[in-house]
Amino acid sequence: MTKSINEILPREINSGIAELLINFSDLIDEVINYGTHILKWLVNVSRGGDEQIPLTMFFREMLEKADSISILIRNSSVDPSKGIVRSLFELHLYISYLTEKYFNDRSMAFLVWHTKNKIQTNRVFQKGNQEFKNLQKQIENDNSISDSNLLQNLPSSKKILKNLNTLLKRPEYQKALKEYEKTKTKIKNPSWYSLFNGPRNIQQLSIHLKMTVLYEIIYRSWSSSVHNTDIINGKIVRSQKSENDEDKVAADIIQLRLPKDAQTVSAYTLVLLIKTFNVIIDSKIVGKKLEYEKWYLTIREHLFKVTSKDQLIKIEY
């Protein structure tokens, strides 16, 4: 097996830092583990129609993404985890907005929006549609595709489209469907939360839910990391190197798996999880509040250490 260049990708982590990373990851794991109990309680109380689906699935998605952050932190792969924290923030906003009020309308708004998007996606693969003809032309003109049988292997979506359109005809979907069509006359590609006169975008949603600070820190400032445009800041530093007895200023590329922001990423992950737990417990599982508070006391001290201003990992470059 090829060995990595140690200055670029150190596979062995300093023992002291490795222990801190494990501690961060263990705490995230503990919170996620408790979150699985909350998910089970939520499923048990969410008896009803389709309107119960979005909240449950948003929360499940949040636990899964947080679990992946734990894995990355444990292995000092910190920068890639920032994009996932950004997704956690979005999911927290969605859950907070759903449970704020008008739960049924907002849940059905998401289901209609989601179904409409699936219809649009699957129309591309429906032979005879203009979308399919456009795709066919693009494939034929694409030099990177060498398989001449590709079009014959594209999945048929006829049955899927029929099922999706049948779903939208159900009575419980009609109010949100009407609102979706109404909103599209004002906003070309509305988000689900824009229906019923809701916020137009994530920023407005953050303002509505009074979470502008987290929006600026997590969503806006880390957006370049998600879109792969922040490939320079914090990844190149000026350094002094001696060559032939002459000091020269040079540029060094910062190593991969730099643990510098591990505490910050872990702190935001934990904060978003706990805030979401509070929202779900208070809105849907009030009977479990005392049990939840007892558990919270068992992690509070560890949580405060990670979320405090004191930096446990000090790296200068």
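Everything here concerns the structure above.
Nothing here was measured: the structure is a model prediction, and the numbers come from that model.

Visitor: Any chance you could explain unusual backbone geometry here in plain terms?
Guide: Only a minority of non-glycine residues have a phi that is not negative, and only a minority of peptide bonds are not trans. The residue phenylalanine 196 is not glycine, and still its phi comes out positive at about 60°. With respect to the helices and strands, phenylalanine 196 occurs in the loop between helix H7 (174–184) and helix H8 (202–208). By relative accessible area, phenylalanine 196 is classed as partly exposed at 25%. Here the phi dihedral of asparagine 197 falls at roughly 60°; this positive angle occurs in a residue that is not glycine. Mapped onto the elements, asparagine 197 comes out in the loop between H7 and H8.

Visitor: Looking at this model, I keep getting lost on the environment of threonine 99. Mind explaining?
Guide: Within the secondary structure, threonine 99 is located in helix H3 (residues 79–100). Separated by 180 residues in sequence, threonine 99 and valine 279 place their C-alpha atoms 7.6 Å apart. Filtering out sequence-adjacent residues up to four positions away, threonine 99 remains in contact with Leu55, Val279 and Ser283.

Visitor: Quick question: what am I supposed to make of helix H4 (residues 103–123) here?
Guide: Side chains of residues three or four places apart in an α-helix project in the same direction, reflecting 3.6 residues per turn. Between the first and last C-alpha of H4 there are 30 Å, a value that for 21 residues agrees with the 30 Å anticipated at 1.5 Å per step. Within H4, burial applies to Phe103, Arg106, Ser107, Met108, Ala109, Phe110, Leu111, Val112, Thr115, Ile119 and Asn122.

Visitor: Would you mind showing me how to read the nonpolar core here?
Guide: Taken as a class, soluble globular proteins show a tendency for nonpolar side chains to be buried jointly. Judged by nonpolar contacts, the single largest core of 74 residues is most densely connected at Ile38, Phe59, Phe89 and Phe277. What phenylalanine 59 contacts, discounting residues up to four positions off in sequence, is Gly35, Ile38, Leu39, Leu42, Ile95, Thr276, Phe277 and Ile280.

Visitor: Even after reading the chapter, I still don't get the pattern of salt bridges, so can you show me in this structure?
Guide: Pairs can form between side chains of opposite charge once their charged atoms are near each other. Summed over the entire model, instances satisfying the criterion amount to 16 salt bridges. Measuring nitrogen to oxygen at the nearest pair gives 2.8 Å for the salt bridge that ties glutamate 100 to arginine 106. For glutamate 100, a relative accessible area of 36% corresponds to the partly exposed category. Of the charged contacts in the structure, one is a salt bridge between aspartate 282 and lysine 289, with a shortest N-O distance of 2.7 Å. Residue aspartate 282 is classed as partly exposed on the basis of its relative accessible area, which comes to 43%. Residue classification places lysine 289 among the partly exposed positions, given a relative accessible area of 30%. It is possible to trace a salt-bridge network through shared partners that takes in Asp79, Lys82, Lys260 and Asp261.

Visitor: Help me understand a nonpolar patch on the surface in this model?
Guide: Where nonpolar side chains cluster on the molecular surface, the patch consists of Ile5, Ile8 and Leu256 and spans about 280 Å² of accessible area. Mapped onto the elements of the fold, isoleucine 8 is located in the segment before helix H1 (15–45). For isoleucine 8, a relative accessible area of 45% puts it in the partly exposed group.

Visitor: What am I meant to see in the environment of leucine 164 here?
Guide: If you trace the backbone, leucine 164 turns up in helix H6 (residues 158–168). The spacing of leucine 164 and lysine 116 is 48 residues in sequence and 8.2 Å in space, taken between C-alpha atoms. If we skip the residues at most four places from it in the chain, leucine 164 touches Thr115, Lys118, Ile119 and Asn122.

Visitor: What am I meant to see in the packing of aromatic side chains here?
Guide: Two numbers describe a pair of aromatic rings. These are the distance of the centres and the angle of the planes. All chains considered together, the criterion is met by 18 aromatic pairs. Ring centres of tyrosine 34 and tyrosine 292 lie 6.1 Å apart, and the angle between their planes is 40°; on these two criteria the pair is classed as tilted. Linking tyrosine 34 in helix H1 with tyrosine 292 in helix H12 (residues 289–307), this pair joins segments that are 258 residues apart in sequence. The burial state of tyrosine 34 is the same as that of tyrosine 292; both residues are buried. Residues tyrosine 215 and tyrosine 219 carry aromatic rings whose centres are separated by 5.4 Å and whose planes lie at 20° to one another, so their mutual orientation is stacked. Linking tyrosine 215 with tyrosine 219, this pair stays in helix H9 (residues 212–220), spanning 4 residues, or about one helical turn. Judged on exposure class, the residue tyrosine 215 and its partner tyrosine 219 are both buried. Clustering of aromatic rings is evident, with ring pairs tying together Phe58, Tyr94, Tyr97, Phe110, Trp113, Trp192 and Tyr193.

About the criteria used
- Residues numbered from 1 in each chain as written.
- Predicted model: local features only at pLDDT ≥ 70, side-chain atom pairs only at ≥ 80, totals over all residues.
- Heavy atoms only, no water.
- Helix = DSSP H or I, 4+ residues; strand = E, 2+ residues; numbered from the N terminus.
- Buried < 20%, exposed > 50% of the residue type's maximum accessible area, 1.4 Å probe, protein only.
- Contact = heavy atoms within 4.5 Å.
- Expected span 1.5 Å × (residues − 1).
- Core = buried A, V, L, I, M, F, W, Y, C linked by side-chain atoms within 4.5 Å.
- Salt bridge = Lys/Arg side-chain N within 4 Å of Asp/Glu carboxyl O.
- Patch = residues over 30% accessible without salt bridge, like charges linked within 9 Å, V, L, I, M, F, W, Y side chains within 5 Å.
- Areas by Shrake-Rupley, 256 points an atom, 1.4 Å probe, with all protein chains shown as cover.
- Phe/Tyr/Trp six-rings, centres within 6.5 Å; stacked < 30°, edge-to-face > 60°.

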